[in-house]
Amino acid sequence: MSTTIVARPFEEEALFNAAFVSMLLYEASRQYYDRSGKHPMPVILPYLVAPLALHRATRDHLPNRITAQMGEWVHAHPELLVDLGERARSLRPLVSVGICFGLRHGVLQNLDGSIRAGQALRRIRGMARSADVDNCIAASGFLGRWFAHQGEATTILAIWGLRL
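Residues numbered from 1 in each chain as written. Predicted model: local features only at pLDDT ≥ 70, side-chain atom pairs only at ≥ 80, totals over all residues. Heavy atoms only, no water.

## So, the overall build of the protein
When helices and strands are counted, the protein shows eight helices and three strands. From first element to last, N terminus to C terminus, the protein shows the α and β order α-α-β-α-α-α-α-β-β-α-α. For the protein, the computed accessible surface area is about 9,400 Å², with 54% contributed by carbon and sulfur atoms. (Helix = DSSP H or I, 4+ residues; strand = E, 2+ residues; numbered from the N terminus. Areas by Shrake-Rupley, 256 points an atom, 1.4 Å probe, with all protein chains shown as cover.)

Given below as structure tokens:
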């Protein structure tokens, strides 16, 4: 299986690579699984996790608790939805490659068309991560927990103004 990615600027290639996206999806799917009663994450949700977790303005405005009503929160933050569809479309190839990378390296597992966290390798001692990377990973985990409490994947996408 071959996945082609459209050429992107060097900075995007360096920052948004398959391993990084795979780690975001690992954290989102791990948290989703833990909070959903051990159900794996529907494979469509990573395509929403990435544009939300990687977008600083959205990350900075996410609620503090998963009990926040998603529909109400989205309605209260329309400025964050303005280009969400375009962000989701532009990240689609990268998310696909990130899923494939994660599956190939055991970071993600395929369970009947859904994904769940596999085994993440430990970070090399002394290898530092930036606060921005940590914030992206934390936001992905939060989104996984939040999505686990929202019902069907198609409903979650509809709340955010997206569809399959």
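## A few points about the sheet that holds strand β2 (residues 108–111)
As summarised here, the arrangement of the three strands in space is β1-β3-β2, forming an open sheet in which the pairing is antiparallel. Two strands close off the open sheet at either side, each with one partner strand: β1 (41–42) and β2. Examined bridge by bridge, β1 and strand β3 (residues 114–117) share two bridges and lie antiparallel to one another. Along β3, the bridge assignment pairs Met-41 with Ile-115. Across the sheet, helix α2 (residues 18–35) lies against β1, β2 and β3, angled at about 95° from β3, the strand it touches most. (Pairing = 2+ DSSP bridges. Contact = heavy atoms within 4.5 Å. Axes fitted to C-alpha atoms, helices over the stretch in contact; angles between N-to-C directions.)

## A closer look at the pattern of salt bridges
Counted by the stated rule, this structure contains seven salt bridges. Linking Asp-34 and Lys-38 is a salt bridge whose minimum nitrogen-to-oxygen distance equals 3.8 Å. Take Asp-34: its relative accessible area is 39%, and that puts it in the partly exposed class. The partner of Asp-132 in a salt bridge is Arg-59, and the shortest N-O contact between them spans 2.6 Å. Taken together, the positions of Asp-132 in helix α7 (residues 131–148) and Arg-59 in helix α4 (residues 56–61) put the pair 73 residues apart, joining distant regions of the chain. Taking the relative accessible area as the measure of exposure, Asp-132 reaches 31% and is therefore partly exposed. Using a relative accessible area of 9% as the deciding quantity, one classes Arg-59 as buried. Each of Glu-27, Arg-30, Asp-34 and Lys-38 takes part in one network of salt bridges that share partners. (Salt bridge = Lys/Arg side-chain N within 4 Å of Asp/Glu carboxyl O. Buried < 20%, exposed > 50% of the residue type's maximum accessible area, 1.4 Å probe, protein only.)

## Side note on the nonpolar core
Formed by 44 residues in total, the largest nonpolar core has its most connected members in Leu-48, Leu-143, Trp-146, Phe-147 and Trp-160. Those elements that place two or more of their residues in this core are α2, α3 (46–53), α5 (70–76), α6 (84–104), β3, α7 and α8 (153–159). When residues of this core are assigned to their parent elements, the largest contribution, eight residues, is made by α7. (Core = buried A, V, L, I, M, F, W, Y, C linked by side-chain atoms within 4.5 Å.)

## Re the pairing of β3
Here four bridges tie β2 to β3, and the two strands are oriented antiparallel to one another. Residue pairing in the sheet places Gln-109 in a bridge with Arg-116 of β3. Counting the residues between successive antiparallel strands, the hairpin from β2 to β3 contains two residues, one of them, Asp-112, with a positive phi of roughly 55°.

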